[in-house]
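Residue-level structural notes
What follows is the residue order along each chain.
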Amino acid sequence: MADYIYTMEIRLTPDQQRGVTLVQEIARAAEMNIYLTGGAVRDIISGFPIRDLDFTVQGNPFKLQKELERAGVVFSWGDEDLKAIHLVLPGGVRAEISTARTERYEKVGKPPIVAPATIIEDLRRRDFTVNAMALSLNPGSRGLLMDPFNGAADIENKVIRVLHNYAFVEDPSRLIRATRFAARFHWPLEERTQARYQSAKENNYIEHVNHRAVGVEIEQLAYEDDPLHIVRSLEKEEWLKILNPHWTTAKVDTVGLSQLVKTRQQMNELGYTPDPSPAVLYFLTSRLSDKDVSDVRKMIPRKDLVEAWKDLEDNAKDLAKRLTGKEAATPSRTWKLLSEARPEMTLFLAVTAKQQAVEQKIKNFFTKWRQVQQKIPLPEMTELHITPQLPEYSKIAHDVFMLLLDGRLRSRTETLKFLKPLAPPPPPPPPPPKRGRGAKAAAAQAAAVPAPAAGKTAGKKGKAAAPVAPAAPPKPVVVEAPKKAAAKKPVPKKAAKPAAKKSKGKKKKR
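Residues numbered from 1 in each chain as written. Predicted model: local features only at pLDDT ≥ 70, side-chain atom pairs only at ≥ 80, totals over all residues. Heavy atoms only, no water.

**Focus on the packing of helix α23 (residues 393–405) against helix α24 (residues 412–419)**
Rule in force here: Lines fitted to C-alpha atoms define the axes here, with helix axes fitted over just the stretch in contact, and angles between the N-to-C directions of these axes take values from 0 to 180 degrees. Runs of H or I in DSSP of at least four residues are treated as helices and runs of E of at least two as strands, each being numbered from the N terminus. By convention the crossing between two helices is left-handed if the near helix lies anticlockwise of the far one by an angle smaller than a right angle, and right-handed if it lies clockwise. Any two residues having at least one pair of non-hydrogen atoms within 4.5 Å are treated as being in contact.
The contact between α23 and α24 brings their axes to 11 Å, and the two run at 145°. For the element pair α23 and α24, the recorded crossing hand is right-handed. Together, Ile396, Val400, Leu403 and Leu404 of α23 and Thr415, Phe418 and Leu419 of α24 make up the contact between the two elements.

Rendered as structure tokens:
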């Protein structure tokens, strides 16, 4: 159980992880069981990039909308019939929260009849086994993977399998989705799935697809990592004309789209995370007529995506104008302007800029000027006590970088000369060690100990007591006193007589 939670935590980005925690807490407060489902679980297990978060709750997700908006979540659009809301979580994370439901189709391509259900019943109504898994986010079962149709096994085997025989008949948009998944993952359709796919295609069930499903499929193209490959696969299967009758790969700006993908990867490596979806749609429909572009926009359910697409060119022109004006007259000013601009605008302008000056400034921003940061003398700054712990450190480092960019600091010597006046004063020397109350009391007690007691202590089992012993040793006094006392005493007569007899006896023997 814990293994899947650990896998989820290491696979989600920090923003996605915070999004999961936020939605989980709000659903718990509303006393709704909540699960991470669908593509999010598939991508966590498979190792593919996690594009968005899909949640399923046992209840009405619209009841969570107010609390979510109070927490900074942006409501994108909702589907009252399917009881699903589409959101943008803090950090730009796309998410969907839907109710656990069953779907019953009375006619081919018609919207289903929806009824509340358990999470297992909800998984049963889905399209492919790899999308029919759920990860519990509830207390007591958090981390439990529900996989009733062995989706994890199909991920391991790298195949796409439908859940039941009528999957393509009930919802013909699954034909487009199957092609899109096969192209994205480079996985084949499972043998029986391929047969059902071919049968549905030959019977032209796609003509019954509804407009809402088509709009969702168009929107999904904007989030693909390799949209050109997806579009070519859809065209090969004749699904691209279902999205728009005049849409072909010839109407796609392939050069611009390829450059967009490449520039986005470079920005990601530098720590920028632009949302390329409006620009992707711009290049995918670059050569369509205005009417066709308008029709495509009307079908996309996410209106904030459509608005960003519409404003793309105007915002890019405004940024280009600012880059050629006084606001970007020096490298440092240009750096400031591009650092504060939306990454999406910088990404789009880097691909579409027609003025050489604008193109060069953006190129320098991503390459040449970043190398100047390596000239900041960090070791010498540390020696001057200009470290990140200093409140002014960020400003000092930024000022040095700006001066280096503009060439106002040309050498390390000049840089150090600029830094020295900004260095904080050296820290004061440490204070001398203070003798505590315990040490003072011990010293006073040692001074009060009498000399004989100190001598006795020193003689016990070799224990050192020299520091507290008196300067004059007591031994001579103790030894001398008995001798004087013995000299003063008169020798008894009885004690002297035996000595005299003994000496006489010795003389006789001689």
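**Concerning the confidence of the model for the protein chain**
Let me state the cut-off plainly: Predictor confidence is given residue by residue as pLDDT, running from a minimum of 0 to a maximum of 100.
Confidence in the prediction of the protein chain, expressed as mean pLDDT, is 87, and 84% of residues score 70 or more. Taken as a whole, residues 453–489 scores under 50 in pLDDT and shows eleven contacts with residues more than four places along the chain or in a different chain. Per-residue pLDDT stays below 50 along residues 493–510; that stretch engages in zero contacts with residues further than four places along the chain or on separate chains.

**Overview of the pattern of salt bridges**
We apply this condition: What makes a salt bridge here is a side-chain nitrogen of Lys or Arg within 4 Å of a carboxyl oxygen of Asp or Glu, nothing more. The buried label applies to any residue whose accessible area, calculated with a 1.4 Å probe on protein chains only, is under 20% of its type's maximum; exposed applies above 50%, and partly exposed to all values in between.
Counted according to the given criterion, the structure contains 30 salt bridges. When the shortest N-O distance is used, the salt bridge between Asp52 and Arg94 registers 3.9 Å. Of the two residues, Asp52 is situated in the loop between α3 (39–46) and β2 (53–57) and Arg94 in strand β5 (residues 93–99); the sequence distance between them amounts to 42 residues. Residue Arg302 pairs with Asp304 through a salt bridge whose shortest N-O separation is 2.9 Å. For Arg302, a relative accessible area of 10% corresponds to the buried category. Several salt bridges share partner residues, and in doing so they unite Arg51, Asp127, Asp171, Arg174, Arg177, Arg180, Arg184, Glu217 and Glu224 into one network.

**Regarding the packing of aromatic side chains**
Heads up, the condition is: The pairing test for Phe, Tyr and Trp rings, Trp by its six-membered ring, is centres within 6.5 Å, and the orientation test on the planes gives stacked under 30 degrees, edge-to-face over 60, and tilted for anything in between.
The final tally for this structure, using the stated rule, is 15 aromatic pairs. Ring centres of Trp335 and Phe365 lie 4.8 Å apart, and the angle between their planes is 55°; on these two criteria the pair is classed as tilted. Note that Trp335 is positioned in helix α18 (residues 331–340) and Phe365 in helix α20 (residues 356–366), a separation of 30 residues in sequence. Comparing Trp335 with Phe365 shows no difference in burial state: the two are buried. Both rings, one in Trp335 and one in Phe401, keep their centres 5.0 Å apart while their planes meet at 85°; by these two values the pair is edge-to-face. One end of the pair, Trp335, is in helix α18; the other, Phe401, is in helix α23, with 66 residues separating them in the sequence.

**Some points on unusual backbone geometry**
Located in the positive-phi region is Lys83, a residue other than glycine, with phi close to 55°. Within the secondary structure layout, Lys83 lies in the loop between β3 (74–79) and β4 (84–89). Located in the positive-phi region is His385, a residue other than glycine, with phi close to 65°. Assignment of secondary structure puts His385 in the loop between α22 (378–383) and α23. By relative accessible area, which is 38% here, His385 ends up partly exposed.

**A few points about helix α19 (residues 343–352)**
At 3.6 residues per turn, the α-helix brings residues three or four places apart onto the same side. A large share of α19 lies buried, amounting to seven of its ten residues. Restricting attention to buried positions, one finds in α19 the residues Glu344, Met345, Thr346, Leu347, Phe348, Leu349 and Val351. Contacts made by the buried residues of α19 are with α13 (254–269), α14 (277–284), α17 (312–323), α18 and α20.

**Some points on α18**
Among the residues of α18, Ser332, Thr334, Trp335, Leu337 and Leu338 are the ones counted as buried. Residues of α18 that are buried make contact with α17, α19, α20, α21 (368–372) and α23.

**As for the sheet that holds β3**
Applied cut-off: Between any two strands, at least two bridges found by DSSP are needed for them to pair.
Spatially, the seven strands line up as an open sheet ordered β3-β4-β5-β2-β1-β8-β9, and their pairing is mixed. Strands with a single pairing partner mark the edges of an open sheet, and in this sheet they are β3 and β9 (145–146). In this sheet, β5 lies alongside β2 in parallel orientation, the contact comprising five bridges. For Leu53, the partnering residue across the bridge sits in β5 and is Ala95. Running at roughly 60° to strand β1 (residues 34–37), α3 makes contact with β1, β2, β8 (134–136) and β9 of the sheet.

**What about the environment of Gln220?**
Selection rule: Polar contact is the term for a pair of N or O atoms within 3.5 Å; when the atoms are in protein, one must be able to donate a hydrogen and the other to accept it, and sequence-neighboring residues count only if both atoms are side-chain atoms.
Residue position: Gln220 is located in helix α10 (residues 211–221). Judged by its relative accessible area of 14%, Gln220 falls in the buried class. In this structure, Gln220 is in contact with Arg51 and Arg180, ignoring residues within four places of it in sequence. For Gln220, the side chain forms a polar contact with the side chain of Arg51, separated by 2.9 Å.

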